[in-house]
Amino acid sequence: MGATVLAFKIPEYEFEPEPVTAEECGLTEDEHDIIRRIYKGETTKDIAIGVHLSVEQTKTEIKRIRRKLDLGNRIAVASFAARNKWFPDIFHKSQDVAMFKPTIKQRLLMAGVSAGLSTAQIAIVNDISEETANSNLDAIYRQTGVHSRVLLARIAIEQGWVK
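A few points on the structure.

**Some remarks on the overall build of the chain**
On a plain count of helices and strands, the chain comes out with 9 helices and 0 strands. Helices and strands in the chain line up, N terminus first, as α-α-α-α-α-α-α-α-α. Residues classed as buried in the chain amount to 37% of the 163 residues present. Looking at the chain as shown, the accessible area adds up to about 10500 Å², and 54% of this sits on carbon and sulfur atoms.

Dropping the structure here:
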């Protein structure tokens, strides 16, 4: 006897949540400044210099911000800020980005990056090897001229390549 499979289709609809402000998230001006610096792709050391903290204090502040927003890593923080349009004055000026027309496969990879997934997790989700995921991500970096996961996640959202 075969098993009975029940199938149903969930109605498709698009839901765009209203953007939230940094204030609504309970962030201080200093925390908002740190997020701005993450969004711009600054390293922890550069952020520390810019906000006049030690590198260790800066790491602690970034962890506190991630906990406050319930986000797993810096990439997710940048993606959250991009989705909520916190820094419309900051954009990536690159002819490579303007010319880049991602394929569906590339959009799926970038969606994984913007969700803050590791390359291994992106490979699993896309049913490809980790080596293939790395190779395909490297190709995206070359084609866009972007060399940071944080910037790629942010730009992919800003450009509408992923949501």
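Picking up after the structure, the text goes on.
**Observations regarding the environment of Leu 27**
Assignment of secondary structure puts Leu 27 in the segment before α1 (29-39). Separated by 38 residues in the primary sequence, Leu 27 and Ile 65 place their C-alpha atoms 7.8 Å from one another. In this structure, Leu 27 is in contact with Ala 22, Ile 35, Lys 68, Leu 69 and Trp 86, ignoring residues within four places of it in sequence.

**A word on the packing of helix α4 (residues 74-83) against helix α9 (residues 149-158)**
Taken N-terminus to C-terminus, the directions of α4 and α9 make an angle of 25°; their axes are 9 Å apart at the nearest point. Classed by the angle they form, the pair α4 and α9 counts as roughly parallel. Judged by the sense of rotation from one axis to the other, the crossing of α4 with α9 is right-handed. Within the contact between the two elements, α4 uses Arg 74, Ile 75, Ala 78, Ser 79, Ala 82 and Arg 83 and α9 uses Arg 149, Val 150, Ala 153, Arg 154 and Ile 157. Its residues placed into classes, the contact of α4 with α9 shows 6 nonpolar, 1 polar and 4 charged.

**Some points on the packing of α1 against helix α3 (residues 55-69)**
One can describe the packing of α1 onto α3 by two numbers: an axis separation of 10 Å at closest approach and a directional angle of 100°. Here α3 runs roughly perpendicular to α1, going by the angle between their axes. Where α1 approaches α3, its residues Glu 31, Ile 34, Ile 35 and Ile 38 are matched on the opposing element by Glu 61, Ile 62, Arg 64, Ile 65, Lys 68 and Leu 69. The residue inventory of the contact of α1 with α3, partitioned by class, reads 6 nonpolar, no polar and 4 charged.

**A look at helix α8 (residues 130-144)**
Helix length check: α8, at 15 residues, gives a terminal C-alpha distance of 21 Å against a target of 21 Å (1.5 Å per residue), a fit within 8%. All buried positions along α8 are accounted for by Ala 133, Asn 136, Leu 137, Ala 139, Ile 140, Tyr 141 and Thr 144. Where α8 is buried, its residues touch α5 (95-99), α6 (104-114), α7 (119-125) and α9. Gly 145 lies just past α8 and shows a positive phi near 75°.

**A closer look at the side chain of Thr 119**
Looking at the secondary structure, you find Thr 119 in helix α7. In contact with Thr 119, not counting residues within four places along its chain, are Glu 130, Ala 133, Asn 134, Leu 137 and Arg 149.

Cut-offs and rules
Residues numbered from 1 in each chain as written. Predicted model: local features only at pLDDT ≥ 70, side-chain atom pairs only at ≥ 80, totals over all residues. Heavy atoms only, no water. Helix = DSSP H or I, 4+ residues; strand = E, 2+ residues; numbered from the N terminus. Buried < 20%, exposed > 50% of the residue type's maximum accessible area, 1.4 Å probe, protein only. Areas by Shrake-Rupley, 256 points an atom, 1.4 Å probe, with all protein chains shown as cover. Contact = heavy atoms within 4.5 Å. Axes fitted to C-alpha atoms, helices over the stretch in contact; angles between N-to-C directions. Parallel < 35°, antiparallel > 145°, perpendicular 65-115°, else oblique. Left-handed = near helix turned anticlockwise from the far one by under 90°. Nonpolar A, V, L, I, M, F, W, Y, C, P; charged D, E, K, R; others polar. Expected span 1.5 Å × (residues − 1).

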